[in-house]
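Here's the letter readout for the chains.
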Amino acid sequence: MTLENLFEDYLDDNLRISSKKTEKHYRIMLRQLAELLGKAPTVADLTNRLQTKYVRWMQAKDYSPCTVNQRLHYLRALWRYGCRQGVIEKWPESIKVKE
């Protein structure tokens, strides 16, 4: 299952994402992961190592720590949703960049 498919399910089930701006930020995160991986990300790609690689990728592009943490928040929210739905087995570790 691609993360894009998982995100569409997440949108259907999640009333907290009512803002188009929030939805846009999730989609930016998904595009960035695709760029990092060189392919559409799937649930099988979700590892703690990927989180670390994603942080380093954003830092290399001079993203602010606040933006990095925001994107990680979106990634982990989607990941936790996948775990609750039984699509993903391993829960994410929580990492945060010092602001």
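Residues numbered from 1 in each chain as written. Predicted model: local features only at pLDDT ≥ 70, side-chain atom pairs only at ≥ 80, totals over all residues. Heavy atoms only, no water.

## A look at the confidence of the model for the chain
Spelled out, the test is: What pLDDT conveys is the predictor's confidence in a given residue, as a value from 0 to 100. Here a strand is any run of E in DSSP of at least two residues, a helix any run of H or I of at least four, and the numbering for each starts at the N terminus.
This prediction gives the chain a mean pLDDT of 91; 98% of its residues lie at or above 70. Mean pLDDT in the chain bottoms out at helix 1 (residues 3-13), which sits at 92, and peaks at helix 3 (residues 48-60), which reaches 95.

## Description of helix 1
Given 3.6 residues per helical turn, the α-helix brings residues three or four places apart onto the same face. For clarity, the cut-off: To sort residues, take the accessible area from a 1.4 Å probe on protein chains only and compare it with the maximum for the residue type: under 20% means buried, over 50% means exposed, and anything in between is partly exposed. It is the directions from the helix axis to the C-beta atoms whose arc is reported. Residues are treated as being in contact if the distance between any of their heavy atoms lies within 4.5 Å.
Every buried residue of helix 1 is accounted for by Leu-3, Leu-6, Phe-7, Tyr-10 and Leu-11. Seen from one end, helix 1 has its buried residues packed into an arc of 140 degrees, which puts them on one side. Summarising the contacts, the buried residues of helix 1 are in contact with helix 2 (20-37) and helix 4 (65-84).

## A few points about helix 2
Quick reminder of the rule: An expected span of 1.5 Å times one less than the residue number is assigned to each helix. Any pair of N or O atoms that falls within 3.5 Å is considered a polar contact. Within protein, one atom must be able to donate a hydrogen and the other to accept it, and sequence-neighbouring residues count only if both atoms are side-chain atoms.
In this model helix 2 runs 26 Å from its N-terminal to its C-terminal C-alpha over 18 residues, within 8% of the 26 Å that 1.5 Å per residue would give. When we look at burial in helix 2, the residues that qualify are Glu-23, His-25, Tyr-26, Ile-28, Met-29, Leu-30, Gln-32 and Leu-33. Buried residues in helix 2 make contact with helix 1, helix 3 and helix 4. Residue Ser-19 occupies the N-cap position of helix 2, its side-chain oxygen lying 3.1 Å from the main-chain nitrogen of Lys-21. Positioned one or two residues after helix 2, Gly-38 has a phi angle of 80 degrees, which is positive.

## Considering the environment of Gly-38
Its place among the elements puts Gly-38 in the loop between helix 2 and helix 3. Among the residues examined, Gly-38 registers a relative accessible area of 66% and is labelled exposed. Separated by eleven residues in the primary sequence, Gly-38 and Arg-49 have C-alpha atoms spaced 16 Å apart.

## Some words on the packing of aromatic side chains
Threshold: For this analysis, a ring pair means two rings from Phe, Tyr or Trp (six-membered ring only for Trp) whose centres lie within 6.5 Å, classed as stacked if their planes differ by under 30 degrees, edge-to-face if by over 60, and tilted for the remaining angles.
The full count for this structure, using the stated rule, is seven aromatic pairs. Seen in terms of ring centroids, Tyr-10 and Tyr-26 are 5.7 Å apart; in terms of plane orientation they differ by 55 degrees. Their pairing is tilted. With Tyr-10 in helix 1 and Tyr-26 in helix 2, this pair connects stretches of sequence that are 16 residues apart. Of the two residues, Tyr-10 and Tyr-26, neither departs from the other in class, the shared state being buried.

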